[in-house]
Amino acid sequence: MAVNELLKEYSPYLEYRNGVLHFDGVNLKELAAELGTPLYVYSVNHIRDQIRAYKEAFPDALIAYAVKANFNLGVIKIAAEEGCGADTVSGGEIYRALKAGIPADRIVYAGVGKTDDELKFALENDILMFNAESEMEIEVLNELAGKMGKKARIAVRVNPDVDPKTHPKIATGLKKSKFGIDINEAFDVYRRAADLPNVEVVGIHCHIGSQLTDLSPFAEATEKVVNLYRRLKAEGIEIKYLDLGGGLGIKYRPEDRVPTPKELAEVILPKLEGVDARLILEPGRSIAGNAGVLLTQVQFLKKKDGKLFVMVDAGFNDLLRPAMYGAYHHIVAVEERPEKVVADVVGPICETGDVLGENRELCAVGRKDYLAVLSAGAYGFVMASHYNMRPRAAEVLVENGTYRVTRPREDWDYVLWRETT
Ligand code: LLP
């Protein structure tokens with residue numbers, strides 16, 4: 001396959017022009033030279049297109065972008081402009097979502113260990129719905145809301161015990177996981193919650209896992225949630241929102257074939273016939289994942305034991321996914337060259353596991369050349385750390401040949417902020 005055709009499958013905005021990689025019309029060699037590396041680059045048009053694909057496929061649903069995937073203010077703002085809500089998992093994420101312009105009445109809030117301060121912050125801001133993960137959380141919400149003269153709108157996050165057929169570390173809907181309340185016990189929890197004075201039961205929530213490329217688990221989970229909805233309705237408990245979470249996978253490997261939001265809709269929507277509740281979806285990765293690349297610069301090369309190592313300035317402090325999940329991220333040279341090499345692309349961190357890609361065929365690169373790590377827009381920067389005292393990368397949005405830095409590169413003093421001996 002011609003390389004530009006392959007790149008288009010990752011993003012229609014990613015292509016070589018005269019041998020130099022461009023993203024959303026911006027020359028990535030010039031961008032990296034201008035802003036330095038490591039650098040996270042996000043395509044505004046790609047993000048918009050993905051959101052619009054969801055909106056077209058699910059015209060009546062609230063698309064609550066899962067900000068955990070990429071919480072850059074500039075990225076969330078695009079979601080806000082497109083009329084999205086936000087799925088959040090901490091007080092800080094709610095704070096960010098509000099700052100970026102997401103209206104509070106479109107914010108849902110999940111998480112197994114919400115603190116009182118976080119719950120109060122969310123209550124003060126009148127968010128749309130708390131996706132409660134335990135009965136104790138519902139009781140605490142009732143108490144806090146009572147003290148504040150508020151009513152907490154809740155959904156119970158149910159755990160439907162569905163195998164999402166994904167990496168075990170990102171499967172969340174199995175019985176043994178910490179998430180949600182067993183769907184078979186949920187009915188009684190709802191009945192008790194409905195009697196609490198400061199809680200209004202409004203929804204059912206479920207999220208079964210992430211990077212799902214097979215749609216059948218979505219079908220199974222939807223059926224189970226709809227059954228619960230009907231039982232609750234028969235009991236006189238009116239459910240206004242069915243929140244089916246996120247989880248749609250994206251292309252990481254060149255050979256990956258992944259379903260579109262439209263294909264997801266074809267599986268979910270027929271199962272919602274006769275259901276009088278608004279659908280909420282919480283996509284994260286499928287909005288931002290292939291909207292982002294991580295640019296990194298080759299520092300040195302060496303041959304060891306017959307193997308070529310390409311040592312770059314981005315490590316697992318910048319992109320944790322390969323080290324944490326053994327995830328594959330495709331890597332391409334920013335400048336095309338006819339000669340090819342096979343190499344391990346490794347970062348600067350003092351650990352053997354700091355490998356971005358193993359045995360990769362790449363255009364022959366030399367010192368100071370740039371590489372682009374693809375599919376880095378979701379769970380990339382947000383999982384970065386300061387390990388080895390490395391400041392976090394800058395983040396930049398590109399759009400129709402222009403760019404704007406939405407988060408500058410950190411420096412050592414930033415990392416040392418308020419620290420004393
Ligand atoms: N809703 C809830 C309740 C979630 O827990 C998640 C993801 C989402 C929505 C969004 O799922 P998505 O559409 O992005 O699949 N760090 C891991 C992924 C962890 C996902 C956690 N929850 C990774 O890098 O693969």
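Calculation rules
Residues numbered from 1 in each chain as written. Predicted model: local features only at pLDDT ≥ 70, side-chain atom pairs only at ≥ 80, totals over all residues. Heavy atoms only, no water. Near = heavy atom within 4 Å. Polar contact = N/O pair within 3.5 Å; in protein donor to acceptor, adjacent residues only side chain to side chain. Nonpolar A, V, L, I, M, F, W, Y, C, P; charged D, E, K, R; others polar. Domains from an automatic or database assignment. Phe/Tyr/Trp six-rings, centres within 6.5 Å; stacked < 30°, edge-to-face > 60°. Buried < 20%, exposed > 50% of the residue type's maximum accessible area, 1.4 Å probe, protein only. Lys NZ or Arg CZ within 6 Å of the ring centre and 35° of its normal. Helix = DSSP H or I, 4+ residues; strand = E, 2+ residues; numbered from the N terminus. Pairing = 2+ DSSP bridges. Arc of directions from axis to C-beta. Contact = heavy atoms within 4.5 Å. Buried area = accessible area lost by both parts, 1.4 Å probe. Salt bridge = Lys/Arg side-chain N within 4 Å of Asp/Glu carboxyl O.

Participant: Where do I start with the site of the ligand in this structure?
Facilitator: Surveying the vicinity of the ligand reveals 19 residues, the closest of which are Ser210, Glu282, Arg285, Arg321 and Tyr379. In this structure, an oxygen atom belonging to the ligand sits 2.3 Å away from a side-chain N or O atom of Ser210. Here an oxygen atom of the ligand sits 2.9 Å away from a polar atom, N or O, in the main chain of Gly284. The residue makeup of the shell around the ligand, split by class, is six nonpolar, seven polar and six charged. Here the shell around the ligand spans two domains, since at least three of its residues come from each of domain 1 (3–43 + 290–416) and domain 2 (110–283).

Participant: I tried to follow the packing of aromatic side chains on my own but got confused; where do I start?
Facilitator: What characterises a pair of aromatic rings is the spacing of the ring centres plus the angle enclosed by the ring planes. Applying the stated criterion to the full structure yields six aromatic pairs. Between Tyr54 and Phe58 the ring centres are 6.4 Å apart and the planes differ by 20°, which places this aromatic pair in the stacked class. Comparing Tyr54 with Phe58 shows no difference in burial state: the two are buried. Site record: aromatic cluster; members linked through ring pairs are Tyr40, Tyr42 and Phe381. Between Arg231 and the ring centre of Phe187, over which it is positioned, the NZ or CZ distance is 3.9 Å. A cation over a ring is seen here: Lys251 above Tyr10, with NZ or CZ 5.4 Å from the ring centre.

Participant: Looking at this structure, how should I read unusual backbone geometry?
Facilitator: With the exception of glycine, the majority of residues adopt a negative phi angle, and the majority of peptide bonds are in the trans configuration. With an omega dihedral of -10°, the bond running from Thr37 to Pro38 counts as a cis peptide bond. Along the chain, Pro38 falls in the loop between helix H2 (28–35) and strand E4 (39–43). One non-glycine residue, Asp161, adopts positive backbone phi at about 55°. Looking at the secondary structure, you find Asp161 in the loop between strand E9 (152–159) and strand E10 (181–182). Positive phi is not limited to glycine here, since Asn388 has a value of about 65°. Along the chain, Asn388 falls in the loop between strand E19 (370–373) and strand E20 (394–399). Residue classification places Asn388 among the partly exposed residues on the basis of a relative accessible area of 30%.

Participant: Looking at this structure, how should I read the pairing of strand E1 (residues 14–17)?
Facilitator: Successive residues of a regular strand alternate their side chains across the two faces of the sheet. Side-chain alternation along E1 places Leu14 and Tyr16 on a buried face and Glu15 and Arg17 on a face that remains uncovered. Examined bridge by bridge, E1 and strand E2 (residues 20–23) share four bridges and lie antiparallel to one another. Across the sheet, the residue bridging to Leu14 is Phe23, located in E2. Connecting the antiparallel pair E1 and E2 is a turn made up of two residues, with Asn18 showing a positive phi of about 45°.

Participant: Sorry if this is basic, but what is going on with helix H10 (residues 261–268) here?
Facilitator: Given 3.6 residues per helical turn, the α-helix brings residues three or four places apart onto the same face. Looking only at H10, the buried set comprises Pro261, Leu264, Ala265 and Ile268. One side of H10 carries all its buried residues, which in axial view fall inside an arc of 100°. In H10, the exposed positions angled more than 90 degrees off the buried face are occupied by Lys262 and Glu266. On the buried face of H10, the contacting elements are helix H3 (44–57) and helix H9 (216–234).

Participant: What's the story with the domain arrangement of the protein chain in this structure? I'm lost.
Facilitator: Bring the parts together and some accessible area is lost; that lost area is often taken as the interface size. Examined at the domain level, the protein chain breaks down into domain 1 (3–43 + 290–416) and domain 2 (110–283). Between the C-alpha centres of domain 1 and domain 2 there is a distance of 35 Å. The interface of domain 1 with domain 2 comprises twelve residues on the first partner and ten residues on the second. For the domain 1 and domain 2 pair, buried surface summed over both sides reaches about 1,100 Å², with 55% attributable to carbon and sulfur atoms. Of all residues in domain 1, Glu9, Tyr325 and Tyr328 give up the largest surface area on contact with domain 2, accounting jointly for 44% of the area buried on that side. Where domain 1 packs against domain 2, one counts two salt bridges. For Glu9, the salt bridge goes to Arg257, with nearest N and O atoms at 3.5 Å. Linking domain 1 with domain 2 are five residue pairs in polar contact (both at pLDDT 80 or more), by the criterion used here. For the side of domain 1 that touches domain 2, the secondary-structure elements that each account for two or more residues are helix H1 (3–10) and helix H12 (321–325). Of the residues belonging to the side of domain 1 that touches domain 2, the class tally is six nonpolar, four polar and two charged.

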